[in-house]
Amino acid sequence: MFNSDKVTPPVEVWMQFTKEGRKRLAKLMLIHGISQREMAQALGWSSHSYVGRLVRGQVTSVTPDVAARIALTLGVGIDDLFLNKAHSSDGQGAQPKTGRAA
């Protein structure tokens, strides 16, 4: 028999962008000569505005896939830029902060 009390709710995982990670992103992009537009292209995005929002701290979390692609593009580990965060769908845990453009 199925007991719904023992079912673990799905967990949403995202990568929290730290202030230090944001600074490292900007510095690494500068060192590698990668513009926001070029980073967006490397990530498969059609617009560079989201990269700009990451650099400015208006967006503070991304999916694990995006975090991995950013780290790969810059030749660093994911942990050098992001913290791993999780949130269960039962309402427990911190919510990701995505921010909005002003």
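Residues numbered from 1 in each chain as written. Predicted model: local features only at pLDDT ≥ 70, side-chain atom pairs only at ≥ 80, totals over all residues. Heavy atoms only, no water.

> Account for the pattern of salt bridges, with residues named and values stated.
Taken as a whole and assessed by the stated rule, the structure comprises one salt bridge. Between Asp65 and Arg69 there is a salt bridge, with the nearest N and O atoms lying 3.0 Å from each other. Linking Asp65 with Arg69, this pair stays in helix α4 (residues 64-74), spanning four residues, or about one helical turn. Residue Arg69 is classed as partly exposed on the basis of its relative accessible area of 27%. (Salt bridge = Lys/Arg side-chain N within 4 Å of Asp/Glu carboxyl O. Helix = DSSP H or I, 4+ residues; strand = E, 2+ residues; numbered from the N terminus. Buried < 20%, exposed > 50% of the residue type's maximum accessible area, 1.4 Å probe, protein only.)

> How would you explain the environment of Ser35 if you had to name every residue and give the values?
Tracing the chain through its elements places Ser35 in the loop between α1 (19-32) and α2 (36-42). Residues Ser35 and Val51, spaced 16 residues apart in sequence, show a C-alpha to C-alpha distance of 9.4 Å.

> Which residues make up the packing of aromatic side chains, and what values do they have?
A complete count under the given rule lists two aromatic pairs for this structure. Pairing Phe17 with Phe82 gives two aromatic rings, centres 4.8 Å apart and planes at 20°, and the pair type is stacked. Taken together, the residues span a long stretch of sequence, with Phe17 in strand β1 (residues 11-17) and Phe82 in strand β3 (residues 82-88) at a distance of 65 residues. The burial state of Phe17 is the same as that of Phe82; both residues are buried. (Phe/Tyr/Trp six-rings, centres within 6.5 Å; stacked < 30°, edge-to-face > 60°.)

> Lay out the nonpolar core in plain terms, naming residues and giving numbers.
Counting 20 residues, the largest nonpolar core has Leu25, Met39, Ile70, Leu74 and Phe82 as the members making the most contacts within it. Contributions of two or more residues to this core are made by β1, α1, α2, α3 (49-56) and α4. With four residues, α4 is the single largest residue contributor to this core. Not counting residues within four places of it along the chain, the set of residues in contact with Phe82 comprises Met15, Gln16, Phe17, Val62, Ala67 and Ile70. (Core = buried A, V, L, I, M, F, W, Y, C linked by side-chain atoms within 4.5 Å. Contact = heavy atoms within 4.5 Å.)

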